[in-house]
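Residues per chain are reported as follows:
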Amino acid sequence: MSTNSLPVTATPAEDLVPQEGRVVLKIGTSSLITDGGLDPVKLDRLCETVHRGILAGLRPVLLASGAIAIGRHLHPALAVDDPVALQVSAALGQSQLYSAIHAAFAERGVQTGQLLLTPPDLVDDDRGGGVRHTLHTMLALGMVPVVNENDALGVRNNDVLAALLGGCLQAELLLLLTNVPGLYDSNPKLAPGARHIQEVPVLTAATERQAGGAIGDGGTGGMLTKLGACWIATFSGVRTVIAESADPDVLIAAHGGRPTGTVFRPRAVTGATPGIGTLWRAFRNPPSGALHCTPAGREAVLHGEPVCQHHVAAVHGAAATGDVVDICDRQGLPLARGPLSRAVEPGGSPAAPVVEGGDYVQIMEDLPCQ
């Protein structure tokens, strides 16, 4: 018997789906894949996790990674770290991944539908409205939307896509499931005495430094990428939890506020909340470098103005056009984060903007957003 309990209506629309119970759940590659293949035990556990949430009244949207890991084992030529090989792997693996997910949910009487998206599908006003309407309609019909990054067009990561979805849907919860119980004060795979962090009231750059880099999720993301998703979600007002996938009650526990994983509280924003497009541009990748600014540059950031070449006192790390960088004061304290519109070059025009005012987000705890 189907557990899809919502009635079908002639014109499903956004207002048919109450905001209460909307959750976005993303599961990492290592929590679904074993030795290059979809693990039936892990898949069953995922479906049970989502099904229990549905029975508890939640309306989940699922993002499932693993297509690339599956696809690259289907042809020996794809077992290389080459962008095109990864895209072909995604194209091969996605059909197998979704077919298995669809069948596993069908055994529980749950109907699913697949959406392959990219961030521009959500941050573009026209396209984003269409995606939201599709998702709201699917939820109104009692379906579980199964979303994946359309990696055949270019490999990014599902953590950031999940955060964008959480913000667009105004979800009550973003749950990032992985192979560790949450955030630690150092990499638990390298430091056996690493301490688990249960709650992050306000995410800061200092919190990121505790992540210790990638933690072997087996996909395109690591803990730093998940923290990028946390920046997007918490600025969007979405409570976020990073937790281990082993417990099928994890979704209900996280939604109900019971201790599980690491909780990231929504960020209190003074002034205008950054738009979803700005958040994506600022946090789509971990910062690859930093700009240390003059006092005038700091004032420009405080007022949400462009950061120009003459505001930059020093450049640290990689800082090519398009790279995400931290914008710091002269002492190196991060003030904001965003992508470079142009590289800082000797002899460049002093008044040329290197980070546009609408492309960065202020990240200090005590700085208002412009």
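See the structure printed just above.
Given the structure is predicted, the values throughout are model-derived calculations rather than measurements. (Residues numbered from 1 in each chain as written. Predicted model: local features only at pLDDT ≥ 70, side-chain atom pairs only at ≥ 80, totals over all residues. Heavy atoms only, no water.)

**Here we look at the packing of aromatic side chains**
For any pair of aromatic rings, the description consists of the separation of the ring centres together with the inter-plane angle of the planes.
Here is step 1 of the chain: On inspection of all chains with the given rule, the structure shows three aromatic pairs.
Here is step 2 of the chain: Centroid distance Trp-231 to Phe-235: 6.2 Å. Interplanar angle 20°. Geometry classified as stacked. Of this pair, Trp-231 and Phe-235 both sit in helix α8 (residues 223-235), four residues apart, roughly one helical turn. As far as burial versus exposure is concerned, Trp-231 and Phe-235 are alike and both buried.
Here is step 3 of the chain: Centroid distance Phe-235 to Phe-283: 6.1 Å. Interplanar angle 20°. Geometry classified as stacked. (Phe/Tyr/Trp six-rings, centres within 6.5 Å; stacked < 30°, edge-to-face > 60°. Helix = DSSP H or I, 4+ residues; strand = E, 2+ residues; numbered from the N terminus. Buried < 20%, exposed > 50% of the residue type's maximum accessible area, 1.4 Å probe, protein only.)

**Details of the environment of Val-202**
Here is step 1 of the chain: Mapping Val-202 onto the fold places it in the loop between β8 (199-200) and α7 (205-208).
Here is step 2 of the chain: Placed 66 residues apart in sequence, Val-202 and Ala-268 show a C-alpha to C-alpha distance of 8.5 Å.

**With respect to the packing of helix α6 (residues 158-169) against helix α10 (residues 276-283)**
How two helices sit against one another is set out by the angle between their axes and by the gap between those axes.
Here is step 1 of the chain: At a minimum axis distance of 11 Å, the contact between α6 and α10 shows a crossing angle of 160°. In terms of orientation, α6 and α10 fall into the roughly antiparallel class. Along this stretch, α6 crosses α10, giving a crossing that reads as right-handed. Contacts from Val-160, Leu-164, Gly-167 and Cys-168 in α6 reach Ile-276, Trp-280 and Phe-283 in α10.
Here is step 2 of the chain: Tallied by class, residues from the contact of α6 with α10 come to six nonpolar, one polar and no charged. (Axes fitted to C-alpha atoms, helices over the stretch in contact; angles between N-to-C directions. Parallel < 35°, antiparallel > 145°, perpendicular 65-115°, else oblique. Left-handed = near helix turned anticlockwise from the far one by under 90°. Contact = heavy atoms within 4.5 Å. Nonpolar A, V, L, I, M, F, W, Y, C, P; charged D, E, K, R; others polar.)

Read these as spatial facts, not as claims about activity.
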